[in-house]
Amino acid sequence: MADPYYITTAISYPNGRPHIGHAYEAIAADAIARYHRQAGRDVRFQTGTDEHGLKMVQTARDRGVETRALADEMSGYFREMDDRLNISYDRFIRTVEEDHHAASRAIWEAMAAAGDLYLDRYEGWYSVRDEAFYDEKELVDGEGGAKLSPQGTPVEWTAEETWFFRLSKYQQPLLDHYAAHPEFIQPDARRNEILRFVEGGLSDLSVSRTSFDWGVKVPGSDGHVMYVWVDALTNYLTGVGYPTSLGKYWPADLHLIGKDIVRFHAVYWPAFLMSAKIALPKQVFGHGFLLNRGEKMSKSVGNVTDPIELIDRFGVDPLRYFLLREVSFGQDGSYSEDAIVTRCNADLANNLGNLAQRCLSIIAKNGAAVPEAGEATSAEEELVERVRAAEAEMRSAMSDLALHTALEAVWAASRDANVYFADQAPWSVRKTDPARADTILYYAAEAVRRIAIMARWAIPESADKLLDLLGQGGDVRNFDALNRPIASGTPLPAPSGVFPRLEMEAA
Ligand code: ME8
């Protein structure tokens, strides 16, 4: 039986349409999910939308629509974006779904049974934009003396009767867990922030609201709905069948989220789980933010990028490749039209695409089947060695979630294969030594096959096209197929370009 691997993204607030930051997270999680599938793991991948909370209520009110109607419409756009991006989710969860409400009630009851919930009056600061409570000492001064959250969002004074969760009780258990499992929070910069925060002391957390009713009803407590983060985090359990069972996918291997919501995932969530006596996820990874030409995206600046526009303009795989290759995974990254064009033309069109095109078009004119390989010279041995080394580097980088480093290694092999091809010049060797030319073409085709398999988790559609052109069936596209070389005599279809050159838009 294959080893289970459960990966989740954050579930997005559907109070507006998705932006490129949402696309980035989906792409990164999808790449990791696909990588593990190719490596033979039994992968479960969940994403979705987080539809409760005051932000949804207020946005719907501002737009003059029902909250549910807003959620339905906007959640649909997130799902459409995922489908356009080839996100291979197993479930797209919506927190309005009945099984999710049942799971949320169950974890609530488990926390109550542990004696960790009590009624009291909450008075303090709340940011609707972040859906987060903040201690007075965390607030910063904004323009005109306005108080802002540490994320720079407006806060309002809130006073109401609510249920509290005994978060303070979990300070030491959390610190012990972080110490015993240094990999629990990654990257290290995020881990250090959380350590400092928890070491500073934890106040009990307000976990229900009475001023609105859009959410999961608190069992046995009329007028209370759960604080949106309680139900939102529980989505990870809903997806594996909780409370009926936790199934084979729990504990999750990876919660992939953005750096702004690490506190919820690395402090509140493990505390809820400890209270409910459920095993903790293995890792929370807080990726960086995407910046538009180095600047934070914001509606007021008017630089929020619609991912659908980028897909229409550049294509899905170029966009995926750019984001995965260009951003050092875990850090912030910047995108711009010229950076996308430059990176994709260099690596996709001029490098891998060029090699495949040249090699396959010569083969097409000479029998349209994978040629026979004669004896390898040191040039072939070196090429084989480099491609193998790239595989080892890719695997090692991926075990640290260094997605960009993994792709860098694969593309270094592609560059080496291009150099091999140009040096060996099979088109000219053919005039004097056709058998030697066949050997060169065989090794070049084999290199393209391997590179396509190694790149497939990042650029699935293009890699599959390359593998189609190499006559490879659907059953030989995973990493185990790297151990079996391409067979001479495999008939090949007529070649066609896989990576069109991207053009800059005329100024
Ligand atoms: O936080 N670059 O939802 P959300 C990269 N509902 N990632 C970004 C980004 C950017 N510019 N902007 C946002 C929520 N993100 C909650 C999550 S999970 C149980 C509940 C990331 O729609 C952000 O960090 O505000 C988060 O991981 C995801 O997009 C959804 O953000």
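Relevant structure appears above.
Residues numbered from 1 in each chain as written. Predicted model: local features only at pLDDT ≥ 70, side-chain atom pairs only at ≥ 80, totals over all residues. Heavy atoms only, no water.

(A) Region of the structure containing the sheet that holds strand S4 (residues 117-127). Strand order in the open sheet formed by four strands is S5-S4-S8-S10, with antiparallel pairing between adjacent strands. Strands with a single pairing partner mark the edges of an open sheet, and in this sheet they are strand S5 (132-134) and strand S10 (205-206). Two strands pair when backbone bridges link them, and S4 and strand S8 (residues 156-165) are joined in this way by ten bridges, in the antiparallel orientation. Bridge pairing links Tyr 122 to Glu 160 in S8. Sheet strands touched by helix H8 (residues 262-276): S5, S8 and S10. Its angle to S8, the strand with the most contacts, is close to 30°. (Pairing = 2+ DSSP bridges. Helix = DSSP H or I, 4+ residues; strand = E, 2+ residues; numbered from the N terminus. Contact = heavy atoms within 4.5 Å. Axes fitted to C-alpha atoms, helices over the stretch in contact; angles between N-to-C directions.)

(B) Representation of the nonpolar core within the structure. Core analysis: the largest hydrophobic core is formed by 98 residues, its most contacted members being Ile 7, Ile 20, Met 394, Trp 411 and Trp 457. Taken domain by domain, the makeup of this core includes at least three residues from each of domain 1 (4-287) and domain 2 (337-491). Those residues in contact with Ile 7 that lie beyond four places of it in its chain are Ala 29, Ile 32, Ala 33, Val 43, Arg 44, Phe 45, Gln 46 and Leu 254. The next biggest cluster of nonpolar side chains, apart from the first, holds 79 residues, and it includes Ala 106, Ala 232, Tyr 242 and Trp 250. (Core = buried A, V, L, I, M, F, W, Y, C linked by side-chain atoms within 4.5 Å. Buried < 20%, exposed > 50% of the residue type's maximum accessible area, 1.4 Å probe, protein only. Domains from an automatic or database assignment.)

(C) Spatial organisation of unusual backbone geometry. A cis amide bond links Gln 186 to the next residue, Pro 187, at an omega of -10°. Here Pro 187 lies in the loop between strand S9 (185-186) and helix H6 (188-199). A cis amide bond links Trp 250 with the next residue in sequence, Pro 251, at an omega value of 5°. Relative to the helices and strands, Pro 251 resides in the loop between helix H7 (228-238) and strand S13 (254-258). Of note in this structure, Asn 86 is not a glycine but carries a positive phi near 60°. Here Asn 86 shows up in the loop between helix H3 (67-84) and strand S3 (91-94).

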